[in-house]
Amino acid sequence: MLVNTGVAYTNIESFSKAKRYFRQALKMTEPREIKQAEIYNYLGANYYLSGNNPQALNVVEKAIEIASSKKAWSILLISYDLLSRIYKAEENKKRARDYQDKYLEIEKKLEQEKQQLKRAASQNLKLMEQQEARIKRVLAEQRQLKELKDSQEKQKKDLELKNNLVKLQTKELALLKKAQELSLANAQRTQLEKVRQQQALLISQGKLREATLAKAKTQAALELERKEAEKKLQAKENQKQMALLQSQKKLQQQEITRQKERARFAIGIIISVVCILGLVVFMLFITNRNRRKLKKQKAQIEEQNFEITSQNEELYQQQEEIMAQRDNIEKKNTQLNAQHHHIQQSIKAALTIQRAILPTVKKVNDLLPEHFILYRPKDVVSGDFYWLVKVENRTTLAVVDCTGHGVPGAFMAVMGNSSLNSIVRDNKVKEPATILTLLNEEIETLLSQKEKGYKNGMDMAIITWEKKQDQIEMVFAGAKRPLYLFAHNSDELQQVKGSRHSIGSINPVFTQDHLTLNKGDTIYLSSDGYCDQNNANRKKFGSKRFEKLLSECQDQKMEKQKEIINQALIDHMGEASQRDDVIVVGLRF
């Protein structure tokens, strides 16, 4: 709340009130150092906006001290941006550019860490998706198993319904059989009744004939004349009998027809029964086939269940292995973090030592004419360094590229710096070629190269100069490094080559060149890191392109030249990382 109030007062340019709230917030957050560093940045911004740049520098330095020890990169980012703005307002372009480079370096580092986190998150998401896909496959197989079980249950119910249908049809068939038997009994009963009627008719006809004969006997004598009449009567009786026989025959034919119809009906019933029995047999066949299919499907399901169980066990085992690997990785990460912390502490100490051996800004500004120094270590500490001293009236400047980079290169740099101090400052050696020869002997002794081999050393360019009247008398010597000279009255860049031997070689021979410079002449010294830097296509910047770049920016001031040269390197690198330490020094007399 106090910090927000302070920010609000700063925004309305009520700087005194804002400072009061920031100081109260500092007192309340004493145990929380990171929060204090953040408040120091707010307070530094307040001083900067109110025009009190010295106090702003003091406060922001406190924030940097706390944030550096706590590795609070986001706070350091703000601190370096503030220092860059403050030094820019103070017109100290070099310091402003240095802190701008630090700002960009941390910003790049944070972006790299962000990308690493994204990649780790992407990998974890991919693993989760793979695990989810496996789980989905297992669930799909379980759903198929359930659907198969449901299908089996449904087939079982259908089979029961079909069995019930067969039983019902069997009962209907029994009823039909009983109805047929009943119909047959009724037909037999009807036939028996007709037979009885026929017998009764025949009996009655027999009695009539006997009465007629008795009457004929008694009247034969008396009614002879009526014989013809009796014959006619007999003929009529015969006709009646014939008609009756024909009627009986017709009735018999009708009965035979009915019996045939009953036989056909019985045959139809038999055929129906046979069809039903065939249907029952077919249903039994289908049922048995379905039973075999169900048995086979059951075996497949049991096999699938076994496979799923095996897969589940395998997944569980894999999960246990992943958990064990995760625990092992976490343990190793803890160890690596501890080692990383120790290494960073060591590198930090090495950086402090290396900063201590470099010339101070004041010393550089006092001893050098208009100049720039482009110094870009590949790692936190560097194997490249520049060395500057003035003994009596003669100034000596060396640009040194030690074997390797990072911590090994930094150790070589410390050794080289110490040896140069002893040779030039303490023993008053002035000739560059002699300095290189003595430095080679010193490195040979310190590294025991005669016993262990000539593996490590350094390339360097060294100049000494003294002003005489309106001219500069300069002597140059190089160990595999040249000097570039651009005279103010010339359009061509001259290259003065150094010796072909490095410091740390066997019995090297170093030569030197005497140069006379006029006002406005410009010289350049550099390590090989700039020209050897590759781009994303592994193409080096190259010495010819470097010389052309130096020629093109001659009309610019030295500080502007530094910006141009640095930006050209950044544009060339693109997405490629820096491969070596880089140092370029330019002097305009």
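Residues numbered from 1 in each chain as written. Predicted model: local features only at pLDDT ≥ 70, side-chain atom pairs only at ≥ 80, totals over all residues. Heavy atoms only, no water.

(A) Local environment of the pairing of strand β9 (residues 522-526). Counting buried positions along β9 yields five of five residues, so the element is predominantly enclosed. By the alternation rule, side chains of β9 split into T522, Y524 and S526 and I523 and L525, which are all buried. In this structure, strand β6 (residues 483-486) lies alongside β9, joined through three bridges in antiparallel fashion. In the sheet register, Y484 faces β9, and the bridge partner there is Y524. Inspection of the sheet shows β9 paired to strand β10 (residues 582-588) by five bridges, in the antiparallel sense. Residue pairing across strands places Y524 opposite G586, the latter belonging to β10. (Buried < 20%, exposed > 50% of the residue type's maximum accessible area, 1.4 Å probe, protein only. Helix = DSSP H or I, 4+ residues; strand = E, 2+ residues; numbered from the N terminus. Pairing = 2+ DSSP bridges.)

(B) Representation of the packing of aromatic side chains. Summed over all chains, the structure comprises eight aromatic pairs. Both rings, one in F372 and one in Y524, keep their centres 6.3 Å apart while their planes meet at 45°; by these two values the pair is tilted. Within this pair, whereas F372 is found in strand β1 (residues 370-376), its partner Y524 is found in strand β9, the two being separated by 152 residues in sequence. Judged by its relative accessible area of 1%, F372 falls in the buried class. Pairing Y530 with F541 gives two aromatic rings, centres 5.0 Å apart and planes at 75°, and the pair type is edge-to-face. Here Y530 is found in helix α12 (residues 529-532), whereas its partner F541 is found in the loop between α12 and α13 (543-552), with eleven residues between them in sequence. Ring pairing ties together the aromatic residues Y484, Y530, F541 and F546, which thus form one cluster. Sitting above the plane of the W73 ring, K109 keeps its charged end 3.7 Å from the centroid. Of note, R545 hangs over the ring of F541, and the distance from its end group to the ring centre comes to 4.2 Å. (Phe/Tyr/Trp six-rings, centres within 6.5 Å; stacked < 30°, edge-to-face > 60°. Lys NZ or Arg CZ within 6 Å of the ring centre and 35° of its normal.)

(C) Molecular detail of the packing of α13 against helix α14 (residues 558-573). At a minimum axis distance of 10 Å, the contact between α13 and α14 shows a crossing angle of 145°. Handedness of the crossing formed by α13 with α14: right-handed. Within the contact between the two elements, α13 uses R545, L549 and L550 and α14 uses I564, I565, A568 and H572. Classifying every residue of the contact of α13 with α14 gives five nonpolar, one polar and one charged. (Axes fitted to C-alpha atoms, helices over the stretch in contact; angles between N-to-C directions. Left-handed = near helix turned anticlockwise from the far one by under 90°. Contact = heavy atoms within 4.5 Å. Nonpolar A, V, L, I, M, F, W, Y, C, P; charged D, E, K, R; others polar.)

(D) The arrangement of the sheet that holds strand β3 (residues 394-402) in detail. Taking strand neighbours across the sheet as the criterion, the five strands line up as β2-β3-β4-β5-β8 in an open arrangement whose pairing is antiparallel. Since the sheet does not close on itself, it has two edges, and those belong to β2 (384-391) and β8 (513-517), each with one partner. Here the strands of the sheet are splayed against their neighbours by 20° on average, with no regard to which way each runs. Pairing of β3 with strand β4 (residues 458-468), which is carried by eight bridges, proceeds in the antiparallel orientation. Its bridge partner being in β4, T396 is matched across the sheet by T464. This element, helix α10 (residues 432-446), spans β4 and β5 (471-479) of the sheet and lies at about 145° to β4.

(E) Quick look at the side chain of R588. Topologically, R588 is positioned in strand β10. Within the buried core, R588 has no salt-bridge partner, and the shortest N-O distance to an opposite charge, that of E370, equals 4.7 Å. Polar side-chain contacts of R588 include one of 3.2 Å to the backbone oxygen of Q556. Excluding residues that lie within four positions of it along the chain, R588 makes contacts with P369, E370, G520, D521, T522, Q554, Q556, K557, M558 and Q561. (Lys, Arg positive; Asp, Glu negative; His and termini not counted. Salt bridge = Lys/Arg side-chain N within 4 Å of Asp/Glu carboxyl O. Polar contact = N/O pair within 3.5 Å; in protein donor to acceptor, adjacent residues only side chain to side chain.)

(F) Up close: the sheet that holds β9. Spatial ordering of the open sheet is given by β1-β10-β9-β6-β7, a layout of five strands whose pairing is antiparallel. The strands lining the two open edges of the sheet, one partner per strand, are β1 and β7 (493-496). Strand-to-strand, the axes of this sheet are offset by a mean angle of 15°, without reference to chain direction. Contacts from α14 reach β1, β9 and β10, with the element oriented near 25° to β1.

(G) Local environment of a nonpolar patch on the surface. A grouping of L279, F282 and F285 is seen on the molecular surface, where their side chains present a nonpolar patch of about 290 Å² in accessible area. Structurally, F282 can be placed in helix α7 (residues 227-357). A residue is classified by how much of its surface remains accessible, and F282, at 46% relative accessible area, is partly exposed. (Patch = residues over 30% accessible without salt bridge, like charges linked within 9 Å, V, L, I, M, F, W, Y side chains within 5 Å. Areas by Shrake-Rupley, 256 points an atom, 1.4 Å probe, with all protein chains shown as cover.)

(H) Focus on helix α5 (residues 73-89). The end-to-end C-alpha distance of α5 is 24 Å, a good match for the 24 Å that 17 residues give at a rise of 1.5 Å each. Here α5 has its buried residues at I75, L76, L77, S79, Y80, D81, L82, L83, S84, I86 and Y87. Phi turns positive one or two residues past the end of α5, at E91, with a value near 65°. (Expected span 1.5 Å × (residues − 1).)

(I) Summary view of the environment of H514. Mapped onto the elements of the fold, H514 is located in strand β8. Residue H514 is classed as exposed on the basis of its relative accessible area of 60%. Between the alpha carbons of H514 and A477 there is a distance of 9.2 Å; along the sequence they are 37 residues apart. Leave out the neighbours within four places in its chain, and H514 touches M474 and V475.

(J) Inspection of helix α2 (residues 15-28) at higher detail. Here α2 is 14 residues long and its end C-alpha atoms lie 20 Å apart, about the 20 Å a rise of 1.5 Å per residue gives. Among the residues making up α2, those that are buried are F15, A18, K19, F22, A25 and L26. Across the axial projection of α2, the buried residues extend over an arc of 125°, all falling on one side. Exposed residues pointing more than 90 degrees away from the buried face of α2 are listed as S16, K27 and M28. (Arc of directions from axis to C-beta.)

(K) Here's a closer look at the pattern of salt bridges. A full pass over the atoms with the stated rule returns ten salt bridges. When the shortest N-O distance is used, the salt bridge between D81 and R85 registers 3.0 Å. Of this pair, D81 and R85 are both found in helix α5, four residues apart, which corresponds to roughly one turn of the helix. When its relative accessible area of 44% is taken as the criterion, R85 is described as partly exposed. With its nearest N and O atoms 3.6 Å apart, the salt bridge here joins K378 to D379.

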